[in-house]
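Summary of structural features
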Amino acid sequence: KRPNMSSPPAQRAPYERSGLANGSRLGGAPVSRIGSTAGSRIKVTNVPTNLDRRDIREAFEDIGRVLRCEVERGVAMVTFEKGADAERAARTFDRGELNGQTIFVSLLE
């Protein structure tokens, strides 16, 4: 089953497609290289336990290219290719919902 991701109610997009807010889509891209991660990482807490790293990667791919995603015990570390994408993900989805569960997203320096 696809992860269902949405922004917090105050930031919710006026439309939804494929169950994700802001017209998000699901679909991963192959990782070809990992560059500098300064300012391009986010930490996602309270991740639903039924989701794995592929699900999390797919949920955040609409924001920007995800280079790396690790999930352990309800916490995900997501590395974007661009720092601006990580910042946007933190702003857009902090206190949003992922499969009906509130998630907390913070930018890592």
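The coordinates are above.
What counts as what
- Residues numbered from 1 in each chain as written.
- Predicted model: local features only at pLDDT ≥ 70, side-chain atom pairs only at ≥ 80, totals over all residues.
- Heavy atoms only, no water.
- Pairing = 2+ DSSP bridges.
- Helix = DSSP H or I, 4+ residues; strand = E, 2+ residues; numbered from the N terminus.
- Axes fitted to C-alpha atoms, helices over the stretch in contact; angles between N-to-C directions.
- Contact = heavy atoms within 4.5 Å.
- Buried < 20%, exposed > 50% of the residue type's maximum accessible area, 1.4 Å probe, protein only.
- Core = buried A, V, L, I, M, F, W, Y, C linked by side-chain atoms within 4.5 Å.

**What to know about the sheet that holds strand β6 (residues 75-80)**
- Taken together, the four strands give an open sheet; going across it, the order is β5-β6-β4-β9, and neighbouring strands pair in antiparallel fashion. With one partner strand each, in any of the chains shown, β5 (66-72) and β9 (104-108) form the two edges of the open sheet. If you compare each strand with its neighbour and ignore which way they point, the axes differ by 20 degrees on average.
- As paired strands, β5 and β6 are joined by six bridges and run antiparallel to one another. When the bridges of β6 are listed, Val 66 appears paired with Phe 80.
- Strands β4 (41-45), β5, β6 and β9 of the sheet are contacted by helix α1 (residues 53-60), whose axis makes an angle of about 135 degrees with β5.

**What to know about unusual backbone geometry**
- One non-glycine residue with positive phi stands out, namely Asn 46, at about 65 degrees.
- For Asn 46, the location among the structural elements is in the loop between β4 and α1.
- Phi is positive for Asn 99, which is not a glycine, with a value near 55 degrees.
- Structurally, the position occupied by Asn 99 is in the loop between β7 (97-98) and β8 (101-102).
- Exposure remark for Asn 99: the relative accessible area of 28% places this residue in the partly exposed category.

**Things to note about the nonpolar core**
- Grouped together as the largest cluster of nonpolar side chains are 21 residues, with contacts concentrated most on Ile 42, Val 44, Ile 56, Phe 60, Val 78, Phe 80 and Val 105.
- If you list the elements that add at least two residues to this core, you get β4, α1, β5, β6 and α2 (83-93).
- With four residues, the single largest contributor to this core is α2.
- Sequence-distant contacts of Val 105, that is, excluding residues within four places in its chain, are made with Ile 42, Lys 43, Val 44, Phe 60, Ala 89, Ala 90, Phe 93 and Asp 94.

**Here we look at the side chain of Ser 40**
- Turning to its location among the elements, Ser 40 is positioned in the loop between β3 (20-21) and β4.
- By relative accessible area, which is 1% here, Ser 40 ends up buried.
- Excluding residues within four positions of it along the chain, Ser 40 makes contact with Val 78, Thr 79, Phe 80, Lys 82, Gly 83 and Ala 86.

**Thoughts on α2**
- Listed in full, the buried residues belonging to α2 are Asp 85, Ala 86, Ala 89, Ala 90, Thr 92 and Phe 93.
- Looking at the buried side of α2, the elements it contacts are β1 (5-6), β4, α1, β6 and β9.
- Positive phi appears at Arg 95, one or two residues downstream of α2, with a value of about 70 degrees.

**Examining the environment of Val 71**
- By secondary structure assignment, the location of Val 71 is in strand β5.
- Relative accessible area serves as the criterion here: at 29%, Val 71 is assigned to the partly exposed category.
- Sequence separation between Val 71 and Arg 53 is 18 residues; the distance between their C-alpha atoms is 5.5 Å.
- Among residues more than four places away in sequence, those in contact with Val 71 are Asp 52, Arg 53, Ile 56 and Ala 76.

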